[in-house]
Amino acid sequence: MLLRSLLAVGLCLVLAACGQPSQRTALAANGKPCPLPPSDQVQLKGGTFLMGGAPVRSEEGPPRPVTVGAFEIDRTEVTNAQFAEFVKATGYITLAERKPDPALYPGVDPKLLKPSSLVFVGAKADPSFNNPGLWWKIVDGAQWQKPTGPGSTNRDRLREPVVQVAWEDALAYARWKGRDLPTEAEWEFAARGGLDGKRYEWGDAPSTQTKPRANHWQGVFPSVDTSADGFKTTTAPVGCFAPNGYGLYDMAGNVWEWTRDWYKPGLETEGTDPLGPDRAEARDPLDPAAAAMPKHVIKGGSFLCSDDFCFRYRPAARQPGPPDTGSSHLGFRTVKRLGPVKTADRGLAKSG
Ligand SMILES: [Ca+2]
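A brief look at the structure comes next. (Residues numbered from 1 in each chain as written. Predicted model: local features only at pLDDT ≥ 70, side-chain atom pairs only at ≥ 80, totals over all residues.)

Regarding its fold elements, the protein presents four helices and 14 strands. Going through the 352 residues of the protein one by one, you find that 52% of them count as buried. Within the protein, contacts between residues at least 6 apart in sequence are counted, and of these 74% link residues at least 24 apart. (Helix = DSSP H or I, 4+ residues; strand = E, 2+ residues; numbered from the N terminus. Buried ≥ 20, exposed ≤ 12 C-beta atoms within 10 Å, placed from the backbone. Contact = placed C-beta atoms within 7 Å.)

And the structure:
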């Protein structure tokens with residue numbers, strides 16, 4: 001819990017996420033039932049695109065041409081129902097459900113190391129709204145089936161993205177399916193939907209109170225989420241918002257998504273089928289603890305991303321995700337590479 005706690009502070013300082021889970025709803029902002037998208041994959045032939053953007057945040061640029069090969073990618077984020085199939089078939093136990101290994105947390109009283117995960121509590125814990133360190137809490141017993149801790153359940157969220165999955169959990173699911181997690185370049189290529197150089201996956205027009213285009217935070221963060229999109233500070237069923245140009249849903253908002261790449265600030269990815277920086281290069285200047293446990297890139301923003309704080313439900317946006325820490329707004333989707341792929345010491349290989 002210790003390192004997780006330290007990492008949690010770092011995460012909470014940079015990720016905009018807040019608020020209590022609200023009453024579940026299956027309705028989108030327009031009052032109509034969310035359509036059920038097919039749980040298939042979309043084949044992308046790959047190509048050269050402009051990765052990154054003129055930095056809205058310093059870590060996401062400068063933009064550069066990058067080429068990716070052909071691959072398939074899940075049309076939606078992996079849902080609770082899909083993850084439940086994996087657990088039922090394999091007996092897999094997620095990292096948050098296991099007692100942390102004291103060897104990984106030297107100097108920490110083993111009694112403090114309990115199965116736990118990161119939950120956004122937001123303004124509830126910080127009435128002044130001025131202390132981001134209080135917006136997140138390590139909750140004993142929080143895990144994918146109890147996403148906000150004991151007493152919560154995902155049983156009424158089967159169509160919603162699974163959360164509270166650590167990086168290794170996401171990779172284990174992908175391997176079970178004969179797939180992989182996307183590289184950052186693959187993820188961003190897919191998210192842009194063929195719209196090169198645009199701020200959002202749908203173009204340059206902003207998502208507004210009157211026309212929300214994704215499940216993110218509308219209003220003043222972290223005090224007021226107007227939930228103009230129909231989902232107040234919580235996940236939405238996958239597929240409630242219009243897909244991008246490639247037919248992919250929720251590449252903006254809903255939940256952040258794991259990628260394979262190691263994180264370092266500033267975009268240096270380039271070339272063909274880039275794998276990102278080496279593990280030894282990974283760093284998060286805002287979190288000294290990351291030196292002992294490098295982080296992976298997460299993409300896409302979440303239901304906690306507001307325009308006035310996070311503003312990262314954009315294809316170029318990127319954040320560091322501590323690999324040992326799931327959270328209540330972080331999920332994933334998988335890919336399968338279709339062409340020749342460079343293998344590397346990072347274990348990246350053609351799936352299937
Ligand atoms: Ca929302």
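Let's pick the thread back up.
Before going further, it helps to examine the sheet that holds strand S14 (residues 335-337). What the three strands build is an open sheet, ordered S1-S4-S14; its pairing is antiparallel. Since the sheet does not close on itself, it has two edges, and those belong to strand S1 (41-44) and S14, each with one partner. For this sheet, the mean inter-axis angle between neighbouring strands, taken without regard to orientation, is 20°. As paired elements, S1 and strand S4 (residues 71-74) share four bridges and run antiparallel to each other. The residue of S4 that forms the bridge with Val-42 is Ile-73. (Pairing = 2+ DSSP bridges. Axes fitted to C-alpha atoms, helices over the stretch in contact; angles between N-to-C directions.)

Listed in full, the buried residues belonging to helix H3 (residues 167-176) are Trp-167, Asp-169, Ala-170, Leu-171, Tyr-173 and Ala-174. Tucked inside the fold, the buried residues of H3 contact helix H2 (80-90), strand S9 (256-262), strand S11 (296-299) and strand S12 (319-321). Of the residues trailing H3, Gly-178 is marked for its positive phi of about 75°.

Okay, the environment of Asp-278 next. Relative to the elements of secondary structure, Asp-278 occurs in the loop between strand S10 (271-272) and S11. On the basis of neighbour counts, which here come to 13 C-beta atoms within 10 Å, the residue Asp-278 falls in the partly exposed class. Placed 14 residues apart in sequence, Asp-278 and Lys-264 show a C-alpha to C-alpha distance of 9.6 Å.

Here strand S2 (residues 47-51) pairs with strand S3 (residues 64-68) via five bridges, running antiparallel. Within S3, the position partnered with Leu-50 by the bridge is Pro-65. Across two bridges, the pairing between S3 and S10 is parallel. Across the sheet, Val-66 pairs through a bridge with Gly-271, a residue of S10.

Among the nonpolar cores identified, the biggest contains 68 residues, and Val-165, Ala-170 and Ala-190 are the most heavily contacted of them. Excluding its chain neighbours within four sequence positions, the residues that come into contact with Ala-190 are Leu-44, Ile-73, Tyr-246, Leu-248 and Met-251. (Core = buried A, V, L, I, M, F, W, Y, C linked by C-beta atoms within 7 Å.)

This part takes up the sheet that holds S2. Taken in spatial order, the three strands line up as S2-S3-S10 in an open sheet, and their pairing is mixed. In this open sheet, the two strands that pair with only one neighbour each are S2 and S10.

A word on unusual backbone geometry. Residue Pro-62 follows Gly-61 across a cis peptide bond; omega there is 0°. Mapped onto the elements of the fold, Pro-62 is located in the loop between S2 and S3. Put simply, Phe-221 and Pro-222 share a cis peptide bond, and its omega is 0°. The residue Pro-222 is located in the loop between strand S7 (219-220) and strand S8 (224-225) in this model.

Okay, the environment of Trp-217 next. Counting through the fold element by element, Trp-217 comes out in the loop between helix H4 (184-192) and S7. Between the alpha carbons of Trp-217 and Asp-229 there is a distance of 8.3 Å; along the sequence they are twelve residues apart.

Before going further, it helps to examine the environment of Gly-339. Along the polypeptide, Gly-339 turns up in the segment after S14. A sequence separation of 271 residues divides Gly-339 from Val-68, and the C-alpha atoms of the two residues are 10.0 Å apart. Excluding anything up to four places from it in sequence, Gly-339 contacts Gly-69 and Ala-70.

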